Amino acid sequence: MTDSTLTTRALVLTAVIVFGAFAGTVAFAETTAATPTTSASTAGDAPAAGDVAPASSPARSTSGPGVSDRPSGLVQRDGDSEVNLSTSSTEVPQGGIATFTVQLNDSGSSATVVIGNESDDGYQANVSVTDANDDGVVAFAFNTYAAGTTSADNVVQLVGDSGSDRITFDSTESQTELASLLDTGDYLVAVGTDDDPADVLETPAFIGTLFVTERAEPSQALWRTTRDTLSDVREAADNESRSAVTTVGDAIVSERLTQTDTLAFTPNGSNSDVLVARLTVPGLSGVLGTVSGGEVTDEFSAIIQPDNASDAPLRVVLEEQDPELNREPVTLDLGEALSAGTGIDDALTVIYVSGDTYYLFVDYDTVAAGVFDGSATAFEDGDEIAVNSSLQDARLLDVDTNETDVADVASQYRTASANFTLETAEGGFDLNDDDLVTATAGENATVAGTTNVAPGTELTVVVRSTGETQSSFLESQTVTVNGDGTFAATFDLSAQVPGDEFEARVTQAPFSTASDGVIVEANETEASAAGGSSVP
């Protein structure tokens, strides 16, 4: 990012990328700030970490993550000068990003936040903040992936509405240099109004705790949606990051974004389903926070592309399962395809939800056209395809970059996989035992069917009189595929009589189908619905 302030952003991506149970609404974490990519600091004001005298804080906890023997809370009241944190404890997976909200009684006042105590924790960061917008609050992010890296300029960064506030931090002078990732454990967080971090450690106004926990394994679930919904998500992401999260949530509630184990594609590559991976990779937000490039899609695209020096920090690969005898499986590495200039730059859209969860939208038509380009070596109807999202970041995984045994290095990677079956888009009408579509002679005559395309797909149903029907008709209605794959169109056929014949057809859809039909008595349509479908 070029802005020095951490912008508010949407993020599924729980690769395609956290949602709770739905009861008509989708619950998202309220903190949807994007991962930081550039420093919001003002260098030179904070004392060096090495100059800070040891504090008289209690010894480190031995009771495990989430439980600390250290005191927390308000320990000193200084009237108008009192400062504190919005919460006494903050938990983040190792490599992730923690957010601290400093509350100041005096608008325009300043505070010093000391994260860790070098003598006890082996690490200390001295952060000075000033409430420049007079709202009594300064919020900033602390990147545990970048912590201790003196060459990084994104260890801390202002977030949310604190964009006009000021933060002072120098990655070389204001923290302890570390040779590797910040260890798991609990870290003292002392807050005070003194300018000298040593004084804040000695007599803090408030004490909190940062719990850096072990990372869980990455996880992934596959979803699918329509190109129209993808367009809505992209538009929301371009206009306002937070609204993109809302757009994703609305699509889930309305069943326009659904979990899946299939993906319907069109052979001409014009209206296939959009693949969505909901990817959760603990610590990934910290990695993305060190990448400059603008929006989260740009950052995500950057880290999945390999370079000559090392493997990509994250690798997303589609791989054919059970290939034919004596055939290598067809694979599609999204990062390599981007690096190769295949024209798929606009095929990926990433929405950051919260924590380390992202939704990765993959425009299958654009990817297939750019990578395979009509080649015989391509995914085909009926192929089972695995989406493998592998965390390969050496710093995050503590991988020895000098290790020459490729297999040993690869064994340390962490991969989340999920499979789907590729199917040609198809659909058909519900038929009776005579393989006819039936509709009643009335104002609300219904013609229904089923399809394998993504719920939310729009299609047009046309009914046209045929044969010796006395009162001819031609009607059409655009409908949407339901969450269970069904669709239904309603027509006014009150002028018809039982026995009139017609043809039903689907147009303007990823598939086309047509079936003969007949007008029947009302009770006969119930039998038709139970009779079957014309789906091949």
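Structure: above.
Residues numbered from 1 in each chain as written. Predicted model: local features only at pLDDT ≥ 70, side-chain atom pairs only at ≥ 80, totals over all residues. Heavy atoms only, no water.

Peer 1: Honestly, the overall build of the protein in this entry has me stumped. Any pointers?
Peer 2: On a plain count of helices and strands, the protein comes out with 11 helices and 29 strands. Residues classed as buried in the protein amount to 52% of the 536 residues present. For the protein, the computed accessible surface area is about 22,400 Å², with 41% contributed by carbon and sulfur atoms. (Helix = DSSP H or I, 4+ residues; strand = E, 2+ residues; numbered from the N terminus. Buried < 20%, exposed > 50% of the residue type's maximum accessible area, 1.4 Å probe, protein only. Areas by Shrake-Rupley, 256 points an atom, 1.4 Å probe, with all protein chains shown as cover.)

Peer 1: Explanation requested: the pairing of strand E3 (residues 89–93) in the structure shown.
Peer 2: For a regular strand, the rule is simple: side chains alternate between the two faces of the sheet. Of the two faces of E3, the one holding Thr90 and Val92 is buried and the one holding Ser89, Glu91 and Pro93 is not buried anywhere. As defined by bridge partners, E3 adjoins strand E11 (residues 206–213) across 5 bridges and the pair is classed as parallel. Bridged to Ser89 within E11 is Thr209. (Pairing = 2+ DSSP bridges.)

Peer 1: Can you help me understand helix H8 (residues 364–371) in this one?
Peer 2: A turn of α-helix holds 3.6 residues, and therefore any two residues three or four places apart point the same way. For H8, the full list of buried residues reads Tyr364, Asp365, Val367 and Ala368. Looking down the long axis of H8, one finds its buried residues gathered within 165° of arc, a one-sided arrangement. The inward-facing, buried residues of H8 contact helix H3 (227–239), strand E14 (262–265), strand E17 (331–333), helix H7 (334–339), strand E19 (357–362) and strand E21 (414–424). (Arc of directions from axis to C-beta. Contact = heavy atoms within 4.5 Å.)

Peer 1: Looking at this structure, how should I read the sheet that holds strand E12 (residues 219–225)?
Peer 2: Pairing between the strands of a sheet comes from backbone hydrogen bonds, and it takes one of two forms, parallel or antiparallel. Taken in spatial order, the 5 strands of this open sheet run E13-E12-E15-E19-E18, and their pairing is antiparallel. The open sheet has two edge strands, strand E13 (258–259) and strand E18 (348–354), and neither has a second partner. In the sheet, E12 pairs with strand E15 (residues 274–280) via 7 bridges, with the strands oriented antiparallel. Of the residues in E15, the one forming a bridge with Arg224 is Leu275. The strands touched by H3 are E12, E15, E18 and E19; relative to E18, the strand with the most contacts, the crossing angle is about 65°. (Axes fitted to C-alpha atoms, helices over the stretch in contact; angles between N-to-C directions.)

Peer 1: Sorry, what's going on with the side chain of Thr144 here?
Peer 2: Inspection of the secondary structure puts Thr144 in the loop between strand E7 (137–143) and strand E8 (156–158). On the basis of relative accessibility, which here comes to 0%, the residue Thr144 falls in the buried class. Within the structure, the side chain of Thr144 is placed 2.6 Å from the backbone oxygen of Gly96, a separation counted as a polar contact. The residues touching Thr144, leaving out its near neighbours within four places in the chain, are Val92, Pro93, Gln94, Gly95, Gly96, Leu181, Leu182 and Val212. (Polar contact = N/O pair within 3.5 Å; in protein donor to acceptor, adjacent residues only side chain to side chain.)

Peer 1: Help me out: how do you make sense of the packing of aromatic side chains in this one?
Peer 2: The relation between two aromatic rings is expressed through the spacing of the ring centres and the mutual angle of the planes. This model, assessed by the stated rule, comprises 8 aromatic pairs. The interplanar angle of 40° and the centroid separation of 6.4 Å between the aromatic rings of Tyr123 and Phe142 together place this pair among those described as tilted. Of this pair, Tyr123 sits in the loop between helix H1 (118–121) and strand E6 (125–130) while Phe142 sits in strand E7; the two residues are 19 residues apart in sequence, bridging distant segments of the chain. Taking the ring centre of Tyr145 as reference, the NZ or CZ of Arg395 above it sits at 5.7 Å. (Phe/Tyr/Trp six-rings, centres within 6.5 Å; stacked < 30°, edge-to-face > 60°. Lys NZ or Arg CZ within 6 Å of the ring centre and 35° of its normal.)

Peer 1: I keep staring at the environment of Glu118 and nothing clicks. Help me out?
Peer 2: Structurally, the position occupied by Glu118 is in helix H1. Look at Glu118 and you get partly exposed, because its relative accessible area is 28%. Sequence-wise, Glu118 and Gln175 are 57 residues apart; in three dimensions their C-alpha atoms are separated by 9.1 Å.

Peer 1: I'm lost on H3 in this one. Help?
Peer 2: Here H3 spans 18 Å end to end across 13 residues, near enough to the 18 Å set by a 1.5 Å rise per residue. Residues of H3 that are buried: Thr229, Leu230, Val233 and Ala236. Each buried residue of H3 sits inside an arc of 125° when the element is viewed along its axis, so together they form one side. Exposed positions of H3 whose direction lies more than 90 degrees from the buried face are Asp238 and Asn239. (Expected span 1.5 Å × (residues − 1).)

Peer 1: Looking at this structure, I do not really get the sheet that holds strand E27 (residues 486–491). What am I missing?
Peer 2: As summarised here, the arrangement of the 3 strands in space is E22-E24-E27, forming an open sheet in which the pairing is antiparallel. Each edge of the open sheet is held by one strand with a lone partner, namely strand E22 (427–429) and E27. Averaged over all neighbouring strand pairs, the angle between strand axes comes to 25°, with direction disregarded. Of the strand pairs in this sheet, strand E24 (residues 445–451) and E27 are connected by 6 bridges, and their pairing is antiparallel. Across the sheet, Thr450 pairs through a bridge with Thr486, a residue of E27.

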